[in-house]
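The chain contents come next:
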Amino acid sequence: MNSSPVVILTALNLEYDAVRSRLTDLRVHRHPAGTRFEVGRLGGCRVALGLVGKGNHPAAVLAERAMAEFSPAAVIFVGVAGALWPSIRLGDVVVASQVYAYHGGTSEDDGLKARPKAWEIPHGAGQIAQHLARSGEWFRGQPGDAAPRVHFAPIAAGEIVQDSAVSEQARWVRQHYNDAVAIEMEAAGVAQAGHLNRALPVVVVRGISDRADGTKTATDGENWQPRAVAHAAAFATALAQELVADAAADQRETAKRNRQAQMGITNRNIASGNARVGVQAGQIHGNVTVGWEPEQPADLATAISELRDLLKQAHRDGQLDEDTYAAAETELDTAGDCLQEETPQSRSVLMVSLRRLRGLVADVTELAARLAAIMAVAKGLS
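Residues numbered from 1 in each chain as written. Predicted model: local features only at pLDDT ≥ 70, side-chain atom pairs only at ≥ 80, totals over all residues. Heavy atoms only, no water.

Going by an unreviewed UniProt entry, the protein carries the name Nucleoside phosphorylase and comes from Micromonospora echinofusca.

What follows is the structure, given as structure tokens:
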């Protein structure tokens, strides 16, 4: 598992509490300058949670502070925003494909000219977020609740609360940042901090709580803020787990390549005609193994018990979804029962269950390797 945490930042206490309620094993982490973070667990990953307050400037400073303090795998900013397009519904979630700092410009005799500044979501993080949105697995509402829509589109970040569709400010945003679907006050600061930290992945996740058109008081009175915050927090925390799982997979792949690189000389064997080549190598010291064989367990019952523990951990880490985990548990139960019976028929059923289990966990490297060793021993019982 990747040891680096994911930093999640919010501007409002309502947003902070929505994320905090999803964390366990919380403890306070005090920065020397006085900032207090809370560090907790979210499934199989660590999360450092911080409150930055309103505005791009404090968001930038405290995002930079969190990045320096925790060296995170990613930073996610979670909160509410106002919708700029009618197609964006209250309660929907917007993931910023781009963040616009819309207050940059130059004042000339013939008017104010925009000087756009923008940051794009990192490609890898964006792909993970898109996949999560398509799966729909991030939303855990009440029976019958429809999942909010997740939009991937630009967000405009300024220094004022916009609550008008006809003001000079609203016309400015509509004229120069016409593809922005939501507006808020912190994303530009966080995105800039991420850009200055070697392009650290920064993802902005906003729940739509109003329409930025003069009806904010009414929508706040209808409790759209807590509903929008809950949706944004649900998506962001699910995304945090996916980002950590992806980083861990990258680490395993890098370690695998490094091990292969350390094996030394690589020889190419070429046979022509009816010739056959077995193994060709340079000088060899010590034992030689052709192919790869996993370490085989001495006791199948113990090995299956240990595999069950690994299965539970993979489920907690988000590597197995609920349905896959339940199916894998069923096959493990069947395998355990077959071991106790010790009949030819039970051994046949044992192998069938293990093969089914292999198909279920093939994408989890550690589980697949451990299962391969178990199956090798089980075949010897036949």
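Structure shown, so let's carry the discussion forward.
*Asks:* When you look at the pattern of salt bridges in this model, what are you seeing that I'm missing?
*Replies:* Think of it this way: side chains of opposite charge can pair up when their charged atoms draw near. Following the criterion strictly, the structure yields 13 salt bridges and no others. Note that Glu-38 is salt-bridged to Arg-20, the shortest N-O span being 2.7 Å. Of this pair, Glu-38 sits in strand 3 (residues 36-42) while Arg-20 sits in helix 1 (residues 13-20); the two residues are 18 residues apart in sequence, bridging distant segments of the chain. Of the residues examined, Glu-38 reaches a relative accessible area of 12% and is grouped as buried. For Arg-20, a relative accessible area of 34% gives the class partly exposed. In this structure, Glu-331 and Arg-356 form a salt bridge, with 4.0 Å as the shortest nitrogen-oxygen distance. (Salt bridge = Lys/Arg side-chain N within 4 Å of Asp/Glu carboxyl O. Helix = DSSP H or I, 4+ residues; strand = E, 2+ residues; numbered from the N terminus. Buried < 20%, exposed > 50% of the residue type's maximum accessible area, 1.4 Å probe, protein only.)

*Asks:* How should I be thinking about the pairing of strand 5 (residues 74-83) in this particular structure?
*Replies:* Two faces, one strand: in a regular strand the side chains alternate between the faces of the sheet. In terms of burial, strand 5 is a largely internal element, ten of the ten residues being buried. Where strand 1 (residues 6-10) lies against strand 5, five bridges are found, and the strand directions are parallel. What sits directly across from Val-6, in strand 5, is Ala-74. Note: strand 5 against strand 12 (residues 202-210), eight bridges, orientation parallel. Counted as the bridge partner of Gly-79 is Arg-206 from strand 12. One ladder, built from two bridges, connects strand 5 with strand 11 (residues 182-184); its direction is antiparallel. Residue pairing for strand 11: Ala-83 is matched across the bridge by Ala-182. (Pairing = 2+ DSSP bridges.)

*Asks:* Can you walk me through unusual backbone geometry in this structure?
*Replies:* With phi around 55 degrees, Asp-25 is a residue other than glycine that occupies positive phi space. Tracing the sequence through the fold places Asp-25 in strand 2 (residues 24-30). Relative accessible area serves as the criterion here: at 60%, Asp-25 is assigned to the exposed category.

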